[in-house]
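# Remarks on the overall topology
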Number of protein chains: 8
Amino acid sequence: MSDEFLHQLLQSIAQGQVSVEVGLEKLRTGAREPLAFARLDHQRPERTGFPEVVWGPGKTAQQIALILARLSERNPIAMATRIEPAVFSQIQGRLPEAEYFPVARICAVRNPALEPLLLGGCIGIVSAGTADLPVAEEAAVSAELCGCQTKRLWDVGVSGIHRLLSNRELIETADVLIVVAGMEGALASVVGGLVAAPVIAVPTSVGYGASFNGLAALLTMLNSCATGVGVVNIDNGFGAAMLAAQILRVAKR
Amino acid sequence: MSDEFLHQLLQSIAQGQVSVEVGLEKLRTGAREPLAFARLDHQRPERTGFPEVVWGPGKTAQQIALILARLSERNPIAMATRIEPAVFSQIQGRLPEAEYFPVARICAVRNPALEPLLLGGCIGIVSAGTADLPVAEEAAVSAELCGCQTKRLWDVGVSGIHRLLSNRELIETADVLIVVAGMEGALASVVGGLVAAPVIAVPTSVGYGASFNGLAALLTMLNSCATGVGVVNIDNGFGAAMLAAQILRVAKR
Amino acid sequence: MSDEFLHQLLQSIAQGQVSVEVGLEKLRTGAREPLAFARLDHQRPERTGFPEVVWGPGKTAQQIALILARLSERNPIAMATRIEPAVFSQIQGRLPEAEYFPVARICAVRNPALEPLLLGGCIGIVSAGTADLPVAEEAAVSAELCGCQTKRLWDVGVSGIHRLLSNRELIETADVLIVVAGMEGALASVVGGLVAAPVIAVPTSVGYGASFNGLAALLTMLNSCATGVGVVNIDNGFGAAMLAAQILRVAKR
Amino acid sequence: MSDEFLHQLLQSIAQGQVSVEVGLEKLRTGAREPLAFARLDHQRPERTGFPEVVWGPGKTAQQIALILARLSERNPIAMATRIEPAVFSQIQGRLPEAEYFPVARICAVRNPALEPLLLGGCIGIVSAGTADLPVAEEAAVSAELCGCQTKRLWDVGVSGIHRLLSNRELIETADVLIVVAGMEGALASVVGGLVAAPVIAVPTSVGYGASFNGLAALLTMLNSCATGVGVVNIDNGFGAAMLAAQILRVAKR
Amino acid sequence: MSDEFLHQLLQSIAQGQVSVEVGLEKLRTGAREPLAFARLDHQRPERTGFPEVVWGPGKTAQQIALILARLSERNPIAMATRIEPAVFSQIQGRLPEAEYFPVARICAVRNPALEPLLLGGCIGIVSAGTADLPVAEEAAVSAELCGCQTKRLWDVGVSGIHRLLSNRELIETADVLIVVAGMEGALASVVGGLVAAPVIAVPTSVGYGASFNGLAALLTMLNSCATGVGVVNIDNGFGAAMLAAQILRVAKR
Amino acid sequence: MSDEFLHQLLQSIAQGQVSVEVGLEKLRTGAREPLAFARLDHQRPERTGFPEVVWGPGKTAQQIALILARLSERNPIAMATRIEPAVFSQIQGRLPEAEYFPVARICAVRNPALEPLLLGGCIGIVSAGTADLPVAEEAAVSAELCGCQTKRLWDVGVSGIHRLLSNRELIETADVLIVVAGMEGALASVVGGLVAAPVIAVPTSVGYGASFNGLAALLTMLNSCATGVGVVNIDNGFGAAMLAAQILRVAKR
Amino acid sequence: MSDEFLHQLLQSIAQGQVSVEVGLEKLRTGAREPLAFARLDHQRPERTGFPEVVWGPGKTAQQIALILARLSERNPIAMATRIEPAVFSQIQGRLPEAEYFPVARICAVRNPALEPLLLGGCIGIVSAGTADLPVAEEAAVSAELCGCQTKRLWDVGVSGIHRLLSNRELIETADVLIVVAGMEGALASVVGGLVAAPVIAVPTSVGYGASFNGLAALLTMLNSCATGVGVVNIDNGFGAAMLAAQILRVAKR
Amino acid sequence: MSDEFLHQLLQSIAQGQVSVEVGLEKLRTGAREPLAFARLDHQRPERTGFPEVVWGPGKTAQQIALILARLSERNPIAMATRIEPAVFSQIQGRLPEAEYFPVARICAVRNPALEPLLLGGCIGIVSAGTADLPVAEEAAVSAELCGCQTKRLWDVGVSGIHRLLSNRELIETADVLIVVAGMEGALASVVGGLVAAPVIAVPTSVGYGASFNGLAALLTMLNSCATGVGVVNIDNGFGAAMLAAQILRVAKR
């Protein structure tokens with residue numbers, strides 16, 4: 001239980017806003033205190049190499065701000081994904097040092113007292129269409145916040161294959177590739193056939209009708225006839241970045 | 001009309017079970033005769049440009065042979081699709097002039113007394129992998145039997161995109177393209193982006209796991225980001241050929 | 001921001017084509033410069049016969065206006081699909097010459113300095129119900145903007161088959177047919193059985209319950225027992241028009 | 001417990017093949033006696049108008065023969081559906097009076113001592129293709145065995161709509177219609193729009209690829225834009241016949 | 001083309017708001033006249049026994065009002081389904097004689113100059129839960145407007161089977177039954193096993209999670225182990241009423 | 001190969017329990033020694049109350065026999081599920097003391113040196129149709145082998161609800177109920193509404209067409225409007241028995 | 001309106017229990033009287049051990065308040081689930097004694113004149129993530145209102161398995177466990193393998209993309225390789241609580 | 001037959017590399033010459049680091065043998081996956097040097113004249129159950145043939161989590177992990193939460209009922225709450241090995 005919580009609680013009792021009985025129950029059950037709704041995993045950095053990251057949906061701005069504050073005490077970077085602008089405004093009200101990446105919908109808090117994360121190698125991030133940008137940026141910003149270098153290559157969908165082929169150098173020099181595509185998601189197979197680096201495919205929910213909210217792109221990528229392609233969940237740019245970072249860490253070992 | 005049918009009919013008339021009027025009508029309309037299980041559509045050539053074609057599954061070899069014989073009386077070519085070798089052997093026992101295309105699984109009967117079908121233009125048929133051959137050949141043979149010229153380009157799946165790009169001339173000179181692909185089916189989008197001709201995409205059931213018997217390739221093709229792509233049913237090489245032929249007929253008009 | 005972009009921008013300012021204020025904004029919002037989020041495919045007209053078309057969803061009005069402006073510099077017609085009225089108002093604020101087709105939800109910009117597109121032949125567009133109109137109009141307007149002639153036949157669903165049969169002349173004289181239908185989508189099969197022209201079937205998401213947002217109509221059309229039917233994505237009126245136009249171009253060659 | 005069962009059991013005990021203990025347990029639990037695996041519903045005729053019918057799959061020939069024998073004691077007709085020829089041979093070995101309808105795959109036993117079922121009115125049964133015959137015949141034979149008159153109209157699928165329209169009299173004079181169709185199943189909507197009689201739609205599993213074993217036809221029929229169409233399970237010809245018979249019974253009341 | 005339309009058009013031309021050329025085109029194509037978006041099926045009453053009914057979604061209030069007005073000229077009752085209260089208000093502004101049934105979401109216009117529809121027999125309508133009421137009422141009101149007598153039995157879901165069993169008389173005396181149920185939809189099977197009358201099962205989208213918007217109830221009803229059950233689309237109370245009415249008409253013939 | 005394995009093997013040879021030839025084979029095929037392909041969980045009885053049970057599919061008869069032999073050394077009962085008769089014959093060749101329950105497809109080995117499992121209370125097992133028997137028997141036999149008392153009530157599907165209602169005493173006196181049903185699976189809701197005991201619902205794959213191999217029954221049971229119903233996997237009679245036994249153990253504590 | 005209803009209403013007015021104004025409104029809105037839209041199941045407590053509970057969606061606040069009032073007359077606790085805050089405000093306006101549990105979205109009315117429900121034993125409720133809290137709280141509050149003791153263990157998802165393992169005592173001492181998890185739902189299998197108590201698994205709709213609104217978690221739980229796991233509908237915390245309570249009642253018998 | 005093919009063939013005969021008999025057969029069966037049905041991708045090793053691998057299904061033994069022979073001429077290892085024993089026997093008849101891995105169903109041909117592939121680092125392969133072995137072995141053998149070191153950990157499914165936890169050292173020391181699991185596939189999330197290395201998750205089709213042939217495990221893995229998990233197609237052990245090898249190559253660069 002945080003000091004702030006205890007302080008607030010006792011003050012409320014002192015001012016008669018909370019009865020002694022209710023106060024006792026609150027002390028026992030810790031309701032509303034962060035530990036009541038979230039069990040922070042402070043061992044994660046040692047275990048998996050990166051700090052815990054907050055997934056925004058289904059949490060209140062207050063909960064997110066509390067968790068970020070707590071995480072940033074011990075980690076050089078604390079971040080939350082899927083944060084809508086309105087939610088960020090509320091978070092910022094409580095955590096003025098929070099940064100926001102609007103296209104990527106990521107909110108981050110840096111702890112300047114700790115050494116920033118840094119990983120060698122470079123992640124190439126390739127996206128098929130303009131509408132895939134939020135997911136591609138979620139991948140790019142997540143990777144950068146975790147200390148990775150990135151190269152972006154946007155809007156090179158397979159309906160105009162020359163756009164991709166004229167940028168072969170970029171994709172051939174990356175150590176890991178993240179390919180972000182909605183609709184039919186064919187870009188992952190084409191990229192997978194051109195490079196020796198591992199490819200992380202991110203289907204997006206961009207499309208309509210028989211795209212079934214990303215199912216079409218997901219199935220395409222899972223059935224890729226190219227080898228060396230691993231797939232993450234629909235729209236999961238963050239997950240792709242984490243997998244890419246872990247791959248770069250293999251090289252570091 | 002089979003002998004057995006005529007014999008039974010006349011006996012029924014002789015025994016008064018069937019009146020002369022009904023008997024006449026039965027002779028005219030052949031009720032319970034082949035027409036009992038199939039209602040041939042002899043007007044189809046005038047209406048749609050091509051004779052009726054027999055879809056084999058769910059029909060006995062005897063039924064198929066009877067329908068082919070009847071159709072070939074009035075059409076330069078009569079054909080049946082999805083004919084397994086064992087079924088063809090039985091058909092051939094009744095229709096010695098029947099031809100068989102084993103990879104395409106097509107059985108055909110030509111009527112030399114009638115002028116063969118002939119259409120100008122050329123259909124390019126492109127397939128992604130070796131396992132897609134039966135469907136691709138079904139398309140090619142169907143088209144050829146209907147009087148079209150074809151060019152085949154096999155095994156140019158997108159995991160090695162240079163195999164397709166080094167054959168650009170073939171696909172750029174075709175008037176219509178049929179693209180046959182299983183697994184992730186991405187080939188249709190890539191071809192669609194390279195050519196000005198209409199593209200008919202045929203998903204195949206080749207694959208496993210999350211290909212869900214061709215569903216993945218089907219969704220890929222329906223969501224193609226390239227324009228000018230029409231899709232037919234999974235494994236429907238024949239249907240693709242018919243659509244291609246009808247497109248060539250537009251030019252002829 | 002690429003050097004090329006900066007170079008061009010400063011040159012434009014130097015030559016008075018871009019004001020200092022606009023230049024400042026461009027520098028600040030670099031990410032909003034078309035080249036940053038979209039890689040225009042100016043070779044597409046030579047390659048595929050028609051200019052690139054903007055798919056509206058997931059793009060801002062500003063992005064759409066910028067791309068349309070850029071495309072219309074080199075093409076007689078630039079168009080964007082799936083544009084809601086409110087988005088069009090914003091586009092119009094930046095591109096006063098933009099036209100809007102409200103039922104079809106299409107926004108177009110014509111370049112009067114270039115020769116308009118023109119294709120011979122005629123596309124018949126047939127729709128099943130009143131609620132299918134937006135998709136049917138998307139097909140019709142797209143085709144007309146690309147230089148095709150069209151004939152519309154609305155509200156002839158199969159539950160009153162005489163409405164279709166009494167308009168047989170229209171469908172029999174079209175060179176290509178687009179059939180737009182939601183709910184059970186049976187119209188495509190019936191039309192396909194009546195004509196020799198190629199049929200492009202467009203399932204719509206019109207319906208409820210077991211229509212599963214157009215899945216029922218899509219499956220119906222893919223399983224059509226009529227030959228010569230190609231299917232495009234649910235609600236993809238634009239794609240049907242492009243395929244029809246490419247079919248008419250075959251005849252022109 | 002049947003006499004036969006008791007007789008066999010006691011004989012087995014007498015001959016030492018079954019111990020007294022096991023015999024006791026068998027008497028207590030009745031294992032292998034029909035009532036052990038099936039609870040006959042002899043009240044059903046009074047309650048629902050028709051006797052119980054045996055669904056063959058998952059039952060042994062012995063079980064089916066025993067149930068049919070038991071049912072035919074009290075009902076003019078006892079029937080079992082989905083009986084393969086090999087299973088019928090085994091049934092016939094035990095029940096020589098059993099009849100078999102091979103296309104319909106129905107096995108029936110008539111009790112000549114009881115008055116046959118008889119219902120006024122006429123059921124029109126319409127099927128789309130030759131491969132739909134087994135289901136259509138299951139409907140026709142079931143209806144006839146339950147005392148209904150039927151008219152069959154086979155192979156009138158919508159790809160050649162004139163075949164249906166030239167038989168309008170048949171479908172307009174039926175009191176109830178059963179429409180059997182696989183692939184896209186569009187026939188039900190067209191028939192439903194032509195008649196005032198109730199239409200029972202039976203999707204069949206005929207088709208391939210995106211027919212998904214009858215799902216396409218099922219969805220088509222559920223989304224029919226024609227009114228007055230009720231749908232039964234895929235391939236459920238028997239169920240359609242029972243519903244049609246119950247509709248004719250309404251008229252009789 | 002309505003007089004009102006012609007009058008308005010000519011006036012616009014006279015006042016210079018519409019040019020002669022545009023006026024001519026409008027006369028030729030009838031754009032914006034009701035017949036432009038809807039092709040009324042005035043033969044339907046003779047053909048199918050009931051007038052055409054307007055399905056509201058995807059149509060504007062103006063379109064609905066125009067079609068209702070037109071239909072009510074020739075039919076004793078004209079009705080539109082799936083009309084939200086706000087849409088009805090707009091319809092009423094144009095058609096003051098329109099009635100509204102808020103739970104059933106039906107809007108109707110009666111023509112007092114014509115003899116009302118009337119059918120003998122009685123439809124029993126049974127629903128499982130309170131949340132199924134809108135669909136059940138859509139069935140009941142539709143049936144009543146078409147001249148049928150109805151008996152309602154609400155909230156008798158199978159989790160408390162005694163509620164249904166204590167109302168057996170109602171369901172046993174109805175000539176046709178409509179069973180409306182969401183969630184697991186088991187009520188149709190239970191009712192089907194209790195009565196000799198035909199049962200029309202209406203799955204509803206009531207439920208959550210694995211009800212998948214009515215799919216669970218739909219599958220339940222299609223797989224009913226009771227005979228004599230026909231199924232309509234999810235939430236299709238109107239369709240069930242029309243099928244019930246057509247069944248009652250069989251008796252009338 | 002682990003040291004422990006080698007040690008045990010050699011000791012067995014030394015003690016004559018294993019012949020030299022068998023020993024040689026074991027050394028060569030090490031992969032066939034249980035520890036190579038299966039990691040037995042001997043702590044499971046203490047942890048979860050019941051010994052590990054072998055799921056047959058995907059294992060060879062030899063593997064199953066080896067695991068059963070090993071498990072029965074330490075447990076009063078060792079059992080394997082989903083054992084086809086031919087597989088049992090092979091098992092019996094190696095493990096003569098193995099018993100077989102053919103309808104339940106269970107193979108069991110009892111260790112007479114250990115005290116049998118015994119649990120108070122009674123499990124009522126109710127099934128809907130004759131074809132559901134294998135799953136229902138799998139549940140019953142599994143429960144009995146684990147020391148539970150059972151009462152069977154077969155063939156009481158909801159299409160004849162009186163069959164269930166006339167056996168209310170049986171279901172009302174059971175401490176836990178297992179309800180096994182295929183097709184529409186409605187029996188679970190009806191039973192759930194009649195009793196205060198927990199109900200474990202087992203959907204079966206019995207059915208055809210829109211049963212989609214048990215999906216329909218599964219969804220029905222998950223959406224049950226009755227409370228107190230937990231669902232296990234399709235055809236998982238064994239799992240239902242284990243859950244029932246664990247429920248009875250709660251009472252024992 | 002039934003006679004019984006009118007009789008009761010007038011009598012209530014005569015006795016001053018209902019004011020004239022309220023009486024008038026009741027006559028006008030008859031359809032809103034509980035008996036008109038809901039058939040309360042007052043026998044349920046005797047039959048199934050717990051009173052009927054109101055499922056909020058699809059009911060108006062007025063309906064819910066009326067049913068709760070009626071239920072609380074005869075039961076120590078009446079409750080409604082899935083009540084949004086705005087709906088609760090309206091309920092409270094009519095039922096000032098109603099309580100609200102905002103996270104659990106439950107509204108309850110206690111009848112102090114009746115003895116509260118009380119059950120021995122303890123339910124352990126375990127949830128995977130913070131976003132699963134509403135469902136987990138629905139389970140916890142429902143159980144507590146029905147007289148059960150609960151222990152909560154929040155945010156112990158399997159991605160940090162030590163969080164669960166360090167709380168083994170809690171889960172090992174519970175008599176029944178409820179496991180609430182979204183996304184991949186793996187927690188149920190892990191818990192199921194650790195304990196001897198029955199496990200009730202509740203998949204939640206928490207997740208995105210390929211979670212398909214809880215389908216992924218649902219399938220995971222149904223396929224659990226641990227034994228003793230029963231599954232309820234997605235997000236059905238209430239149902240899990242009821243099943244747990246019925247399991248505890250087994251022990252009580 | 002291409003000129004190039006004929007030229008090469010005759011030259012080979014002239015040089016004695018091909019006998020006259022074989023030459024004749026090649027001329028007759030031209031269609032069976034590799035170039036006719038397969039377009040080998042000899043540039044692949046340079047482009048992607050590993051030679052092309054043959055996917056067996058849908059190819060004849062003769063085709064596979066021909067492709068392997070051709071590939072092994074230029075690569076140290078040529079391999080084919082999904083080879084059933086009977087197919088291998090036929091391959092071996094033509095390619096006596098072919099090796100077979102029966103559990104993994106892999107056929108390989110080594111070219112001793114070329115330097116074997118070799119990669120540093122170690123791949124840990126973890127499988128959940130005995131029935132998952134074929135897929136796990138496919139991954140292990142593929143990786144080993146490509147020069148990787150592997151560690152196997154079999155049968156550590158999450159229902160007995162201690163089996164995994166007592167082998168933590170193995171999984172913590174691997175550079176990349178492949179996790180193979182069917183049924184609910186939860187193992188990937190648990191492993192993902194324990195390690196810093198990238199995890200490649202392979203769902204298998206092991207299971208029944210609601211596993212839907214591996215769909216359940218696939219969805220589980222895509223929704224993993226652990227970070228750093230990439231998923232490949234159902235049963236795609238080979239693809240997982242290739243991705244793992246490409247990850248190890250990143251470290252090598």
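Note that residues are indexed from 1 along each chain, following the sequence as it is written. Whichever chain is written first is A, and whichever ligand is written first is 1; the rest continue in order. Given that this is a predicted model, residues contribute local features only at a pLDDT of at least 70 and side-chain atom pairs are listed and counted only at 80 or more, while totals for whole chains, interfaces and linings are drawn from all residues. Where side-chain values are given, they derive from all heavy atoms of the structure, hydrogens and water being excluded.

With an axial shift of 0.0 Å and an RMSD of 0.0 Å, the rotation relating chain G to chain E amounts to 90°. Expressed as a symmetry operation, the mapping of one chain copy onto the other fits a four-fold axis. Nearest to the rotation axis, the C-alpha of F212 of chain G is located 7.3 Å from it, this being the minimum over chain G. Here the copies were fitted onto each other by least squares, based on C-alpha atoms from residues at pLDDT of at least 70 in both.

Turning to the pairing of strand β2 (residues 77–81) of chain B, a few remarks are in order. The side chains of a regular strand alternate, first on one face of the sheet and then on the other. All names here are of chain B. By the criterion of burial, β2 is predominantly enclosed, with five of the five residues buried. Think of it in three bands: with a 1.4 Å probe and only protein chains considered, a residue is buried below 20% of the maximum accessible area for its type, exposed above 50%, and partly exposed in between. Where helices and strands are cited, they refer to DSSP runs of H or I of at least four residues and of E of at least two residues respectively, numbered from the N terminus. Here β2 shows no split at all, with I77, M79 and T81 on one side and A78 and A80 on the other all buried. When DSSP finds two or more bridges between two strands, those strands count as paired. Relative to β2, strand β1 (residues 54–55) runs parallel, the two sharing two bridges. From the neighbouring strand, V54 faces β2, where its bridge partner is A80. Crossover handedness is defined by viewing with both strands directed away from the observer: a clockwise path from the first strand over the helix to the second marks the crossover as right-handed. Read as a crossover between parallel neighbours, the route from β1 over helix α4 (residues 61–74) to β2 is right-handed.

Right, let's talk about the interface of chain G and chain E for a bit. The contact rule is simple, with two residues in contact once any of their heavy atoms fall within 4.5 Å. Counting residues at the interface gives 21 residues for chain G and 19 residues for chain E. Of the roughly 1,500 Å² buried between chain G and chain E, counting both surfaces, carbon and sulfur atoms make up 55%. Note on definitions: salt bridges are taken to be side-chain nitrogens of Lys or Arg within 4 Å of carboxyl oxygens of Asp or Glu. On inspection of chain G and its partner chain E, the count reaches zero salt bridges. Any N or O atom pair separated by 3.5 Å or less is treated as a polar contact, with the protein-specific requirement of one donor-capable and one acceptor-capable atom, and with residues adjacent in sequence counted only for side-chain atom pairs. At the junction of chain G and chain E, the tally comes to three residue pairs in polar contact (both at pLDDT 80 or more). Taken together, the elements giving at least two residues each to the side of chain G that touches chain E come down to α3 (34–37), α4 (44–48) and α11 (215–222) of chain G. Ten residues, namely Ala, Val, Leu, Ile, Met, Phe, Trp, Tyr, Cys and Pro, are considered nonpolar, four, namely Asp, Glu, Lys and Arg, are considered charged, and the remaining ones, Gly among them, are considered polar. For the side of chain G that touches chain E, a count of residues per class yields eight nonpolar, five polar and eight charged. The term buried area denotes the loss of accessible surface (1.4 Å probe radius) that occurs when two parts are joined, taken as the sum for both partners.

Before going further, it helps to spend a moment on the side chain of E138 of chain A. Residue and element names in this part refer to chain A. The residue E138 is located in helix α7 (residues 133–145) in this model. The buried category is assigned to E138, whose relative accessible area is 1%. One polar contact links E138 to R82, side chain to side chain, over a distance of 3.3 Å. Discounting chain neighbours no more than four positions away, the residues touching E138 are R82, A104, R105, I106, D235, N236, G237 and F238.

A word on the relation of the copies chain H and chain A. Relative to chain A, chain H is turned by 180° and slid 0.0 Å along the rotation axis, the superposed coordinates differing by an RMSD of 0.0 Å. The transformation relating the two chain copies, once decomposed into turn and shift, fits a two-fold axis. Distance from the rotation axis, computed per C-alpha, reaches its smallest value in chain H at A251 of chain H: 1.8 Å. The fraction of interface residues of chain H whose copies in chain A are also interface residues reaches 100%, indicating that both copies meet through the same surface.

Let's shift gears to helix α9 (residues 187–194) of chain B. Of all the eight residues making up α9 of chain B, eight are buried; the element is thus mostly covered by neighbouring parts of the structure. For α9 of chain B, the set of buried residues is L187, A188, S189, V190, V191, G192, G193 and L194 of chain B.

Turning our attention to the sheet that holds β2 of chain B. Residues and elements named next belong to chain B. Spatially, four strands are ordered β1-β2-β4-β3 in an open sheet, and the strand pairing comes out mixed. The open sheet terminates on both sides in strands that have one partner only, identified here as β1 and β3 (99–101). Direction of pairing for β3 relative to strand β4 (residues 106–110): antiparallel, over a ladder of three bridges. If you follow E99 over to β4, its bridge partner there is A108. Lying on the sheet, α4 is in contact with β1, β2 and β4; it crosses β2 at an angle near 155°. Helix α6 (residues 133–145) rests against β2, β3 and β4 of the sheet, and its axis sits at about 10° to β4. In this description, a line fitted to the C-alpha atoms serves as the axis of each element, helices being fitted only across the stretch in contact, and the angle between N-to-C directions of two axes falls anywhere from 0 to 180 degrees.

Moving on, we come to the interface of chain H and chain A. Between chain H and chain A, the residue contacts involve 36 residues of the former and 36 residues of the latter. Note on chain H versus chain A: buried area summed over both sides is about 2,900 Å², and carbon and sulfur give 54% of it. Viewed at the interface, chain A and chain H are joined by zero salt bridges. For the pair chain H and chain A, the number of links is three residue pairs in polar contact (both at pLDDT 80 or more). Among the secondary structure elements, those contributing two or more residues to the side of chain H that touches chain A are α4 (44–48), α9 (168–173), α10 (187–194), α11 (215–222), β9 (229–231) and α12 (237–252) of chain H. If one sorts the elements of the side of chain H that touches chain A by residue count, α12 of chain H sits on top with nine residues. Class assignment of the residues belonging to the side of chain H that touches chain A gives a composition of 19 nonpolar, 11 polar and six charged.

This part takes up unusual backbone geometry. Phi at N213 of chain E takes a positive value of approximately 60°, unusual for a residue other than glycine. Tracing the backbone shows N213 of chain E in the loop between β8 (199–203) and α11 (215–222). Of note, F212 of chain G is a non-glycine position whose phi angle comes to about 45°, a positive value. Tracing the backbone through its elements, the reader meets F212 of chain G in the loop between β8 (199–203) and α11. Its relative accessible area of 26% is what places F212 of chain G among the partly exposed residues.

This part covers the packing of aromatic side chains. Pairs were defined over the aromatic rings of Phe, Tyr and Trp, the Trp ring being its six-membered one, requiring ring centres within 6.5 Å. Orientation was assigned from the angle between planes: stacked under 30 degrees, edge-to-face over 60, tilted for the rest. Tallying each qualifying case throughout the model produces 16 aromatic pairs over all chains. Centre to centre, the rings of F88 of chain D and Y100 of chain D are 4.5 Å apart; their planes meet at 10°, and the pair counts as stacked. Of this pair, F88 of chain D sits in helix α6 (residues 85–94) while Y100 of chain D sits in strand β3 (residues 99–101), placing them 12 residues apart in sequence. Here F88 of chain D matches Y100 of chain D in class, with each residue buried. Here, a charge over a ring is recorded when the distance from Lys NZ or Arg CZ to the ring centre is within 6 Å and its angle to the ring normal is within 35 degrees. Sitting over the ring of Y208 of chain D, R82 of chain B keeps its end group 4.2 Å from the ring centre.

Residue and element names in this part refer to chain C. Overall, the coordinates contain 48 salt bridges over all chains when judged by the stated rule. Among the ionic pairs, E137 bridges to R152, the shortest N-O distance being 2.9 Å. Residue E137 is found in helix α7 (residues 133–145), and its partner R152 is found in strand β6 (residues 149–153); the two are separated by 15 residues along the sequence. Look at R152 and you get partly exposed, because its relative accessible area is 34%.

Turning our attention to the packing of α7 of chain A against helix α12 (residues 237–252) of chain A. All names here are of chain A. Where α7 contacts α12, the axes come no closer than 7 Å and their chain directions differ by 35°. Crossing hand, α7 versus α12: right-handed. Contact residues: α7 offers V135, E138, A139, S142 and A143, while α12 offers G237, F238, A241 and M242. The class makeup of the residues in the contact of α7 with α12 is six nonpolar, two polar and one charged. Crossing handedness is read from the near helix: turned anticlockwise from the far helix by less than a right angle, it gives a left-handed crossing, and turned clockwise, a right-handed one.

The next thing to look at is the sheet that holds strand β2 (residues 77–81) of chain D. With mixed pairing, the four strands of this open sheet are ordered in space as β1-β2-β4-β3 (chain D). Whereas interior strands pair on both sides, the edge strands pair on one side only; in this sheet they are β1 (54–55) and β3 of chain D.

This part is about the pairing of strand β7 (residues 176–181) of chain B. Residue and element names in this part refer to chain B. Of all six residues making up β7, six are buried, and the element is well covered by its neighbours. Here β7 shows two buried faces, one formed by V176, I178 and V180 and the other by L177, V179 and A181. With five bridges connecting them, strand β5 (residues 122–127) and β7 associate as parallel partners. Considered in β7, the bridge of V126 is made with V179. Of the pairings in the sheet, the one linking β7 to strand β8 (residues 199–203) comprises five bridges and is parallel in character. Bridged to I178 within β8 is I200. For the segment spanning β7, α9 and β8, crossover handedness is right-handed.

For A136 of chain C, the location among the structural elements is in helix α7. Residue A136 of chain C is classed as buried on the basis of its relative accessible area, which comes to 0%.

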